[in-house]
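Each chain, written out:
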Protein chains: 2
Amino acid sequence: MKIEIKGVGITPFGELWEEDELSLARLAVSQALADAQCEIGDIDVLIVGNMLLPHTSQQSHIGAHIASGLGFFGQALLVEGACASGGLAIRQALSLLHAKMAHRVLVVGVEKMSDSQPSETTAFLMGASSEGERLAGATFPGLYGMMHRKYQDLYGASDEEMCASSIKNHFHGSLNPKAHFQTEITTEQILTSAMIADPLRLLHCSPISDGAAAIILEATTRPTKGSVLMMGSGQGGDDLSLIRRKSITSLSATKKAFKQALLESDIKLSQIDVVELHDCFSIAEIMAIEDLGFVEAGKGAHALSQGFGRLGTKGVILNTSGGLKACGHPVGATGVKQVVEIAQQLLGRSGKRQVAKATFGLAHNVGGTGATAVVHVMGRSE
Amino acid sequence: MKIEIKGVGITPFGELWEEDELSLARLAVSQALADAQCEIGDIDVLIVGNMLLPHTSQQSHIGAHIASGLGFFGQALLVEGACASGGLAIRQALSLLHAKMAHRVLVVGVEKMSDSQPSETTAFLMGASSEGERLAGATFPGLYGMMHRKYQDLYGASDEEMCASSIKNHFHGSLNPKAHFQTEITTEQILTSAMIADPLRLLHCSPISDGAAAIILEATTRPTKGSVLMMGSGQGGDDLSLIRRKSITSLSATKKAFKQALLESDIKLSQIDVVELHDCFSIAEIMAIEDLGFVEAGKGAHALSQGFGRLGTKGVILNTSGGLKACGHPVGATGVKQVVEIAQQLLGRSGKRQVAKATFGLAHNVGGTGATAVVHVMGRSE
């Protein structure tokens, strides 16, 4: 049995003052349903990926809340794993389909972040981390700032090299009409942008965004030729606190998730054409390409500064959506958006940012500072 | 392939001032691991059922949070569906096992409710309902109070008959050393207890409790003789708002979940010996026995007043744990506790509250006012 992507949908990402979580979910879902040529009543199960609604509003029972907003009265649930909520939701959808507990599952990742004060949102986001880190006064940029600094200390990467991921992703974002930021940036702009948590500056960091993405998955024994199949899925875990990890310049959860997903997909790393990876901060993209095995440990920043992963170069292309940095990072939506972007690439629908002849793709989603990671491998059905 | 319950654990339920969510989870899990004769490292996936942590603390990423507290660094995630979070978590565990995405899954339901002011907790609990109901000033007892009144209006049930479920469940609770309330109550005590939301009085309502329950599920082709098997699982949904439902004296989500679970289990309703059902308020138990088909619509209150479901009577026995009313209702833990109680009954471990020759059991878990329902059917392996 294969799992086929029957339809995808995505809203613009950004500060969407006119929208709430329900209107965002409706927009993404209506596109996915149209794409799949089915109706909401044809769905067996709705899985929602969301992190912040219980913090920003009084809402819980979030599966039923989004379901009611969609006029869907079948089975609904929320899956949460901080910024990896979307990836986990897709993984649980695959589980229901493989278990034959559902035939068609709708996954919606959604986050409405701009209605809170930025300082409040920052505090809510620290919910992804440990109590000890919160009580010590750490912020998310603070924690990733430590990883960034340690990486530079350990491997001698220059400040300029540490900017390459943001520059590439803003270039890709400039080609994505749904990206939060559609403008290119330079090394100089990054290194003179506001200091957020030394050594992290504003333009090393992904923004606070609103947005939703939706995907319809179906179990089938006869996949449609040319459709996109979910070929492999992996998940890894690690301690919530950085202080209790063996390394803070590598995420063991990513390594575990990737190993499992690649093994299941039965393809080689070198066959992957396009990757959406979790660049919540520039250091996160550097660690990801090393942990996913594209580049040797310690060489990621340099490789990116040499153009690795940029549209127009040979080899794998990274974060064509603009990544979390430029496309935006509505946390519960991100993991679903990544799979939507890969699906669109494999279907040849990506317009100016299309990767030629993309056949296999990978999505890499991280929760918090790496206590959760989810990897999915996709491929075009022959 | 069968899914076998390899181990169960449960903390005392009540106002546990010395405990937090991590110590509660650790206590329940240590029992379940000992029962299953395995170690935390033998677990593939941890699924947590919890509703209130994001409201009562700054914590999100709750799967990883509980996992770290248990010293578990495998795959972890949170499943949320308000008071049905525990039942949904078990259903997702079955899905992972049937899909062969895991061999051994640990499900932990946990809730620490007593650290907030009761008025705050009441507000947090309204997160299980719709924004419209919250903005209209409704409380949970208020919503169930409407159902209670409508039921009496429709079917002419007397005030005394509406007390029977609380009386039975307190009697059962008096036999359960882990129950929040272990004292019997009378009709007079109920009808003179404080008015909470007319016509609901204090002793019609389940309490605010702390507690955790854990269960270890394993996929096997050769179940151990005499062990407990998960035979059927069902889930149903409905609109989050009472006002948009066809009926408020019946939960269509329960009916859908039950139909699916019974069908899958391949047994008849009449074969079920013991049931844990979702009696968050006395009216909820009345609706449940009608929606599950044990009693005709409109006759539930009367049947309970005649002793239906009470230990010592013939036929099915209801809520031997004391139910949500007397055992307590730590919301995320409840759905897991129900399955633990049924497993213990089928294993003959229930001491003074043991149902003789219990072979088949059912657990019924509801989210909010019925936008989510989950039903599991269990049986002893022959």
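Residues numbered from 1 in each chain as written. Chains lettered and ligands numbered in written order. Predicted model: local features only at pLDDT ≥ 70, side-chain atom pairs only at ≥ 80, totals over all residues. Heavy atoms only, no water.

Engineer: Any chance you could explain the packing of aromatic side chains here in plain terms?
Structural biologist: The geometry of two aromatic rings is summed up by the distance between their centres and the angle between their planes. All names here are of chain A. A complete count under the given rule lists six aromatic pairs over all chains for this structure. Grouping aromatic residues by their ring pairs yields a cluster made of Phe140, Tyr144 and Phe281. Lying over the aromatic face of Phe171, Arg310 brings its terminal NZ or CZ to 4.1 Å of the ring centre. (Phe/Tyr/Trp six-rings, centres within 6.5 Å; stacked < 30°, edge-to-face > 60°. Lys NZ or Arg CZ within 6 Å of the ring centre and 35° of its normal.)

Engineer: So what exactly am I meant to see when it comes to helix H14 (residues 331-346) of chain B here?
Structural biologist: Because an α-helix packs 3.6 residues into every turn, residues spaced three or four apart end up facing the same way. Residue and element names in this part refer to chain B. For H14, with 16 residues, the first-to-last C-alpha span of 24 Å sits near the 22 Å given by 1.5 Å per residue. The axis of H14 is deflected most strongly, by about 25°, at Lys337. Among the 16 residues in H14, 16 count as buried, and that is most of the element. Just downstream of H14 lies Gly348, where phi reads positive at about 75°. (Helix = DSSP H or I, 4+ residues; strand = E, 2+ residues; numbered from the N terminus. Expected span 1.5 Å × (residues − 1). Bend = angle between axes of the 7 residues up to and from the residue. Buried < 20%, exposed > 50% of the residue type's maximum accessible area, 1.4 Å probe, protein only.)

Engineer: For this particular structure, what's the right way to read the confidence of the model for chain A?
Structural biologist: Reading predicted coordinates in detail is not appropriate for stretches of low pLDDT. Taken as a whole, chain A shows an average pLDDT of 97; of its residues, 100% reach a score of 70 or greater. Listed scores for the predicted complex are pTM 0.98 and ipTM 0.98. (pLDDT = per-residue confidence, 0-100.)

Engineer: What is the right way to read the pattern of salt bridges from this model?
Structural biologist: Tallying each qualifying case throughout the model produces 24 salt bridges over all chains. A salt bridge links Asp239(B) to Arg244(B); the shortest N-O distance between them is 3.0 Å. Residues participating in the shared-partner salt-bridge network are Lys112(A), Asp115(A) and Asp210(A). (Salt bridge = Lys/Arg side-chain N within 4 Å of Asp/Glu carboxyl O.)

Engineer: It is not clear to me how the interface of chain A and chain B should be interpreted in this structure. Could you clarify?
Structural biologist: Interface size is commonly expressed as the accessible surface area that is lost when the partners come together. Contact residues are listed per partner, giving 50 residues for chain A and 50 residues for chain B. For the pair chain A and chain B, the summed buried area comes to about 4000 Å², and 47% of that belongs to carbon and sulfur atoms. Connecting chain A to chain B are zero salt bridges. Those elements that provide at least two residues to the side of chain A that touches chain B are helix H2 (53-56), helix H3 (62-70), strand S3 (75-80), helix H4 (85-98), helix H6 (131-135), strand S8 (228-237) and helix H10 (252-265) of chain A. (Contact = heavy atoms within 4.5 Å. Buried area = accessible area lost by both parts, 1.4 Å probe.)

Engineer: Teacher, can you tell me more about unusual backbone geometry here?
Structural biologist: A negative phi holds for most residues other than glycine; trans holds for most peptide bonds. Of note, the bond from Asp198(A) into Pro199(A) is cis; its omega dihedral lies within 30 degrees of zero at 15°. Note that Pro199(A) resides in the loop between strand S5 (195-197) and strand S6 (200-201). The phi dihedral of His61(B) falls on the positive side, at around 55°, and the residue is not glycine. Overall, the relative accessible area of 0% leaves His61(B) in the buried class. We note that Lys357(B) has phi near 55°; this positive angle belongs to a residue other than glycine. In this fold, Lys357(B) is placed in the loop between H14 and strand S11 (360-367).

Engineer: Help me understand the environment of Lys299(A), please; the structure alone is not making it clear to me.
Structural biologist: Residue and element names in this part refer to chain A. Relative to the helices and strands, Lys299 is located in the loop between helix H11 (282-291) and helix H12 (300-305). Overall, the relative accessible area of 46% leaves Lys299 in the partly exposed class. In this structure Lys299 touches Tyr151 and Glu290, once residues within four positions along its chain are discounted.

Engineer: Sorry, what's going on with the packing of helix H1 (residues 21-36) of chain A against H3(A) here?
Structural biologist: When two helices pack together, their arrangement is given by the angle between the helix axes and the distance between those axes. Residue and element names in this part refer to chain A. Closest axis-to-axis distance for the H1/H3 pair is 9 Å, and the angle between their directions is 65°. For the element pair H1 and H3, the recorded crossing hand is right-handed. Counting all contacts with H1, which are made through Glu21, Leu22, Ala25, Arg26 and Val29, the residues of H3 involved are His65, Ile66, Gly69 and Leu70. Among the residues making up the contact of H1 with H3, the classes are represented as five nonpolar, two polar and two charged. (Axes fitted to C-alpha atoms, helices over the stretch in contact; angles between N-to-C directions. Left-handed = near helix turned anticlockwise from the far one by under 90°. Nonpolar A, V, L, I, M, F, W, Y, C, P; charged D, E, K, R; others polar.)

Engineer: Looking at this structure, I do not really get the side chain of Glu341(A). What am I missing?
Structural biologist: Residues and elements named next belong to chain A. Structurally, Glu341 can be placed in helix H14 (residues 331-346). There is a polar contact of 3.3 Å between the side chain of Glu341 and the backbone nitrogen of Ser321. Sequence-distant contacts of Glu341, that is, excluding residues within four places in its chain, are made with Glu276, Thr320, Ser321, Ser350 and Arg353. (Polar contact = N/O pair within 3.5 Å; in protein donor to acceptor, adjacent residues only side chain to side chain.)

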